[in-house]
Amino acid sequence: MRDHSSTEDTAGTESYVERPPLPGMAGVVRTVWIQRTGELARVQRHLPTGGVEIHFPIGGRPQLVGPLTGPAVEVIPARTTIVGVRFHPGAAPPLPTVLDELVDQRLGLAELWGRSVDRLTEAMAGAGTAEQALVLLQAHLARQFRGSARLDPLVGEAVRALMPWHPLNVDALATHLALSPSQLRRRCLQAVGVSPKVLQRTLRFQGFLALAQSGAAASGRRGTDGMAGLAVDVGYADQAHLSRECLRLTGLTPRQLLGDSLDCRACGHDHSAAFKPFLATRSRPPLRV
């Protein structure tokens, strides 16, 4: 199961593999992926990740998926190959608008980038493999970031501080960054698309998914294990708190989303490129405010 979606009504041959981005893109891209559908269309549930994504069907029309605040369901046609890029929160590609105008939207890249998308689409369609097409897409993005991208460093620091492993009061974070709460909210809306509090809730749930996808065992804090233990480890008050947030963000209960096994490595899809850098932030010391 993808960490930002679940695939329903599966049949036939399909694959989904996440990979680390090219080295030059690691600071702005969380993961890239290649997805292939089989003989039947796929009903897919996309979940909030805190960042934007580019979905590029080979030979089709690429789209930018804006920051999500809840589940978004789409039908992927049969025999389709999609290469994708998931950006870190606050590190979207150059766009002609602020991100809070793109929340919960899917827009054609041609609407945002103009004719350069036609040239890129043609080049990727002519690539020998999906792997080569993904390299072309990342190279195009790297050129765009070198040419015009301006990331907000304070928002980047806020994103790092709001990761789930060390609970933090948003007002205290604003003080640490020498901003007022309203200034932090405004800058976060512009660069991430959602408020700091919404981002914090999204990252907390992503932390839970990362633990589940990696097959991590609960630490045993408060004497809990299994799903309840992972919920506590990532900052939820208890399993009921996790269940409410899961329903709000995904439209499903945790059991419906994950199935009976917490170890999502058994799903047949490779998510390691997405959860490993996310889990690596657990070892960072908490921000002192």
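Only a predicted model underlies this, so the values are computations on that prediction, with no experimental measurement involved.

## Brief notes about empty space enclosed by the protein
Piece 1. Scanning all chains against the criterion turns up two cavities of 30 Å³ or more.
Piece 2. For the largest cavity, the calculated volume is near 50 Å³.
Piece 3. Of the voids in this model, the second largest cavity is the one considered here, and its volume is about 40 Å³.
Piece 4. Forming the walls of the second largest cavity are Pro48, Gly50, Pro67, Leu68, Val192, Val194, Val198 and Thr202.

## Focus on the nonpolar core
Piece 1. Within the largest apolar cluster, 41 residues are counted, with the highest numbers of intra-cluster contacts made by Leu173, Leu184, Leu199, Phe205, Phe208 and Leu257.
Piece 2. When contributions to this core are tallied by element, the ones reaching two or more residues are helix H4 (153-161), helix H5 (170-176), helix H6 (181-191), helix H7 (196-213), helix H8 (226-234), helix H9 (239-250), helix H10 (254-258) and helix H11 (272-280).
Piece 3. Looking at this core element by element, the count peaks at eight residues for H7.
Piece 4. The next biggest cluster of nonpolar side chains, apart from the first, holds 32 residues, and it includes Val32, Leu95, Leu99 and Ala133.

## A closer look at the sheet that holds strand E8 (residues 81-87)
Piece 1. Taken together, the six strands give an open sheet; going across it, the order is E2-E3-E8-E5-E6-E9, and neighbouring strands pair in antiparallel fashion. Taken across any chain shown, the strands that pair with only one partner, and hence form the sheet edges, are strand E2 (15-19) and strand E9 (106-108). Here the average twist between neighbouring strands, direction ignored, is 20°.
Piece 2. Pairing of strand E6 (residues 63-65) with E9, which is carried by three bridges, proceeds in the antiparallel orientation. Within E9, the position partnered with Leu64 by the bridge is Leu107.
Piece 3. The sheet contacts of H11 involve E2, strand E3 (29-36) and E8, and relative to E3 the element is tilted by about 165°.

Rules behind the numbers
Residues numbered from 1 in each chain as written. Predicted model: local features only at pLDDT ≥ 70, side-chain atom pairs only at ≥ 80, totals over all residues. Heavy atoms only, no water. 1 Å grid on protein atoms, 1.4 Å probe; cavity = no way out; pocket = protein on both sides within 12 Å on 5 of 7 lines; lining within 4 Å. Points joined across faces, edges and corners; volume = space filled by probe spheres on them. Core = buried A, V, L, I, M, F, W, Y, C linked by side-chain atoms within 4.5 Å. Buried < 20%, exposed > 50% of the residue type's maximum accessible area, 1.4 Å probe, protein only. Helix = DSSP H or I, 4+ residues; strand = E, 2+ residues; numbered from the N terminus. Pairing = 2+ DSSP bridges. Axes fitted to C-alpha atoms, helices over the stretch in contact; angles between N-to-C directions. Contact = heavy atoms within 4.5 Å.

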